[in-house]
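Below are the chains, spelled out letter by letter.
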Amino acid sequence: MNGLLVLDAPAGTDIAGYTVEGLLGAGGCGVVYRASRDGQSVALKLQSLEHLGDKAVREVDTLTRLAHHNVVGFRDGGLFPPEAPEWLYLAMEYVRGRPLAQWVQEENPGARRVAELALGMARGLEAAHASDVLHRDIKEANVLVREDDGTPVLMDFGVGECTRAPRPPRGILPPGTPRYRSPEALSFRLEGREGVYLPTATDDLYALGVVLYWMLTARHPFEDVETPSGELAVILHPPVTPGALNRRVPWVLSELCVRLLSKQPWRRGTASTCREALEQALASADAAWDVPLFPDASELPTDLEGRDTPSRGRRTTQTGGLPAYPGSTEPAEAPRLVVHARPVSRYPRRRELRLALLALGVGACVMGSAWWARRWHPPVLASSLGSRARVAEPGSRPGTGPTGRRATEPFPSRRPGAVPPER
């Protein structure tokens, strides 16, 4: 392992009184071990002080402010070794469970269960925001689902911050994952404004909307966000509604998700309003909310399986890498889902629709003209309906038509008793 950023600690190593039991995950900024002290298991996170700088103290300050069932618990923290500190250690709650991406992929939940997961995340954000703490990196990989009660737990506040004591800026945008950045953050950078972007609670809510969208549709609202065109799409264009991509998504959940992804931050509301909306939706949910959002592969017809019908359920994508979170068995990044869902265009086939309507209109006009001609102008008239001039037949008197009538006199209707049109 990299000696600068990762402390290599075999099983049995003592770190600040914690006995290392095994490796849970490793990344660019540190390593996480499963450890124990006094019979209590913890997730022991170690990070290089040289790499962290003042971030070490700020992360401890952030974590000590949080105490909620939907937020990973903080147990202890300090410097190691005490004589010549090189590492910051954080003893966190050891959450036995699966990362959200793995849980959703394997369980294929219905709308009710997805709403309950979103509700737990909203409650965790509500508690964090009430303590003036922003997470700033909400995504599937940073949420664990507890094994015992199925509640979601917000993990990894490593890039979070306390709004009362923000970190010194190191770039235009704060650390985070591009796919979950809000439109206003991307717009700030694209417009080249002076200074740095200061995130707010609505940035966390937008990221929550991205996660909810993924749970409902098996895809993200905008995939290719690291290109100029992708950033413009996030800034300018609304995403396809979840209900349009998946007919099993209840309307109320689809609307709530779209509201969280709004381009106007104020439309997203707060974590409290999101929590209230989810509670109300669950209170009125019916049995349809328990139907899995995606048909399992075994339920699909033979001619549809593996083609255009999205599916979930017991088809986990196998990838390499070390697990990133306590109790997990999956890599740090959320696995990409194996789905087959054709994007639903927000614009139906307008060209074909316009042509069909035009053909109907022309046909109606032709039929109407023919009816009018047959009713008021017998075939003996000249082909021009607008002209009353007639060509005299041989033997007829000048100025008369083929029947002897004057060309200026109207012909009677074929139907007895019909009233001729006004001249």
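Anything mentioned here points back to the structure above.
To keep things clear, this report deals only with the structure shown in the data block. (Residues numbered from 1 in each chain as written. Predicted model: local features only at pLDDT ≥ 70, side-chain atom pairs only at ≥ 80, totals over all residues. Heavy atoms only, no water.)

Judged by pairing direction, the sheet is antiparallel, and its three strands sit side by side in the order E7-E9-E10 without closing on themselves. Each edge of the open sheet is held by one strand with a lone partner, namely strand E7 (97-99) and strand E10 (152-154). Averaged over all adjacent pairs, the angle separating strand axes in this sheet is 30°, with direction ignored. Two strands pair when backbone bridges link them, and strand E9 (residues 143-146) and E10 are joined in this way by three bridges, in the antiparallel orientation. By the bridge assignment, Val145 is partnered in E10 with Pro152. (Pairing = 2+ DSSP bridges. Helix = DSSP H or I, 4+ residues; strand = E, 2+ residues; numbered from the N terminus. Axes fitted to C-alpha atoms, helices over the stretch in contact; angles between N-to-C directions.)

A surface patch of nonpolar side chains, about 280 Å² in accessible area, is lined by Leu190, Leu232 and Leu236. Here Leu190 shows up in helix H5 (residues 183-190). Overall, Leu190 belongs to the partly exposed group, its relative accessible area being 48%. (Patch = residues over 30% accessible without salt bridge, like charges linked within 9 Å, V, L, I, M, F, W, Y side chains within 5 Å. Areas by Shrake-Rupley, 256 points an atom, 1.4 Å probe, with all protein chains shown as cover. Salt bridge = Lys/Arg side-chain N within 4 Å of Asp/Glu carboxyl O. Buried < 20%, exposed > 50% of the residue type's maximum accessible area, 1.4 Å probe, protein only.)

Below, the discussion takes up the side chain of Thr217. Mapped onto the elements of the fold, Thr217 is located in helix H6 (residues 201-217). A distance of 2.7 Å separates a polar atom in the side chain of Thr217 from the backbone oxygen of Tyr213. With sequence-adjacent residues up to four places away left out, Thr217 is seen in contact with Pro242, Leu245 and Phe294. (Polar contact = N/O pair within 3.5 Å; in protein donor to acceptor, adjacent residues only side chain to side chain. Contact = heavy atoms within 4.5 Å.)

Topologically, Glu184 is positioned in helix H5. Classification of Glu184 as buried rests on a relative accessible area of 15%. At 2.7 Å, the side chain of Glu184 forms a polar contact with the side chain of Arg268. When sequence neighbours within four positions are dropped, the list of residues in contact with Glu184 reads Tyr197, Thr202, Asp203, Lys263, Pro265 and Arg268.

For the structure on display, the rule yields two cavities of 30 Å³ or more. Considered as a void within the structure, the largest cavity measures approximately 160 Å³ in volume. If you go around the largest cavity, you meet 16 residues; those closest to its centre are Arg136, Pro175, Tyr180, Arg181 and Asp203. In terms of residue count, the dominant contributor to the lining of the largest cavity is H6 (three residues). Split by residue class, the lining of the largest cavity holds eight nonpolar, three polar and five charged. (1 Å grid on protein atoms, 1.4 Å probe; cavity = no way out; pocket = protein on both sides within 12 Å on 5 of 7 lines; lining within 4 Å. Points joined across faces, edges and corners; volume = space filled by probe spheres on them. Nonpolar A, V, L, I, M, F, W, Y, C, P; charged D, E, K, R; others polar.)

We now examine the pattern of salt bridges. Tallied over the entire structure, the rule returns 15 salt bridges. The shortest N-O distance in the salt bridge between Lys139 and Asp137 comes to 3.9 Å. Of the two residues, Lys139 and Asp137, both sit in the buried class. The network of salt bridges with common partners includes Arg123, Glu126, Arg275 and Glu279.

It is worth spelling out the packing of helix H3 (residues 100-107) against H6 at this point. For the pair H3 and H6, interaxial distance at closest approach is 10 Å and the crossing angle is 20°. On the basis of the axis angle, H3 is roughly parallel to H6. Remark: the crossing between H3 and H6 carries right-handed chirality. Where H3 approaches H6, its residues Leu100, Ala101 and Val104 are matched on the opposing element by Val211, Trp214 and Met215. Here the residues of the contact of H3 with H6 are counted per class, giving six nonpolar, no polar and no charged. (Parallel < 35°, antiparallel > 145°, perpendicular 65-115°, else oblique. Left-handed = near helix turned anticlockwise from the far one by under 90°.)

What follows covers the packing of helix H4 (residues 111-130) against helix H10 (residues 271-283). Running from amino to carboxyl end, H4 crosses H10 at an angle of 155°, the nearest separation of the two axes being 8 Å. On the basis of the axis angle, H4 is roughly antiparallel to H10. For H4 against H10, the interelement crossing comes out left-handed. Residues Arg112, Ala115, Glu116, Ala118, Leu119, Ala122, Arg123, Leu125, Glu126 and His129 of H4 form the contact with H10, whose own contacting residues are Ala271, Ser272, Cys274, Arg275, Leu278, Glu279 and Leu282. Residues of the contact of H4 with H10, tallied by class, amount to nine nonpolar, two polar and six charged.

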